[in-house]
Each structure stands twice: as structure tokens, then as C-alpha cells.
Amino acid sequence: MKVLLSCVHIIVSIVMILAVLVQQRKQGGFSGVFGGGTQPDSGQWQRFTPLTKLTIVLASVFMVTSFFIVFLN
């Protein structure tokens, strides 16, 4: 079980690295990163690109597998 979970963790981390590297750079600087200068949005999830959604899902899976790997030790 631990070996399978470790393999999934490694695959998810590699795919997440590739997904982050492929994304286009935003020109907002720190204000764009933290949402400064924007109006409150109700449908923020719909405005994400598919690559951004993939990165969010991969980061979530990465955190969950990290937790279970620590829990199994």
C-alpha cells in the first residue's frame, strides 16, 4: 500500500510540475496574485482556465497523498 501511494505521489508531483511550467505568466504582479484591484466575483471557478483547474486538483491530490504517506509511517 505504501509503495503504491508513493508511486502515485511521485506521478502527481511530476504532472503538477509540468502543469505549472506550461501555464502562461500573468502580468499582475503581487496585486494580481493576491486579488488586489479586482471586484468581488461570484463565479471565480468558471473563470479559471482548464490548466489552472488541473493544477488546483493536482495540488489537492498531492496534499492528500502527502498526508496519507505521513499517516502510514
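Check the entry above for the structure.
Residues numbered from 1 in each chain as written. Predicted model: local features only at pLDDT ≥ 70, side-chain atom pairs only at ≥ 80, totals over all residues. Heavy atoms only, no water.

Caption draft 1: Spatial organisation of the overall build of the protein chain. Of the regular secondary structure elements, the protein chain holds four helices and zero strands. Moving toward the C terminus, one meets the helices and strands of the protein chain in the order α-α-α-α. Put simply, the protein chain has 73 residues, and 14% of those count as buried. Of the roughly 6,100 Å² that the protein chain leaves accessible, carbon and sulfur atoms contribute 72%. (Helix = DSSP H or I, 4+ residues; strand = E, 2+ residues; numbered from the N terminus. Buried < 20%, exposed > 50% of the residue type's maximum accessible area, 1.4 Å probe, protein only. Areas by Shrake-Rupley, 256 points an atom, 1.4 Å probe, with all protein chains shown as cover.)

Caption draft 2: Up close: the packing of aromatic side chains. In this structure the tally under the stated criterion is two aromatic pairs. With centroids separated by 5.5 Å and ring planes inclined at 65 degrees, the aromatic side chains of Phe67 and Phe68 adopt a geometry described as edge-to-face. Since its relative accessible area comes to 39%, Phe68 is described here as partly exposed. Summarising the aromatic geometry, the rings of Phe67 and Phe71 are spaced 6.2 Å apart at their centres and angled 15 degrees between planes, so their arrangement reads as stacked. Residue Phe67 and its partner Phe71 are located together in helix α4 (residues 50–72), separated by four residues, close to a single helical turn. (Phe/Tyr/Trp six-rings, centres within 6.5 Å; stacked < 30°, edge-to-face > 60°.)

Caption draft 3: Helix α1 (residues 2–22), seen in detail. Taking 1.5 Å per residue, 21 residues should reach 30 Å; α1 reaches 30 Å between its end C-alpha atoms and fits that length. Residues of α1 that are buried include every one of Leu5, His9, Val12, Ser13, Met16 and Ala19, and no others. Along α1, the residues classed as buried sweep out an arc of 130 degrees about the axis, all on the same side. What points out from α1, more than 90 degrees from its buried face, is the exposed set Val3, Leu4, Ile11, Ile17, Leu18, Leu21 and Val22. Along its buried surface, α1 packs onto α4. (Expected span 1.5 Å × (residues − 1). Arc of directions from axis to C-beta. Contact = heavy atoms within 4.5 Å.)

The values are spatial; any link to function lies outside them.
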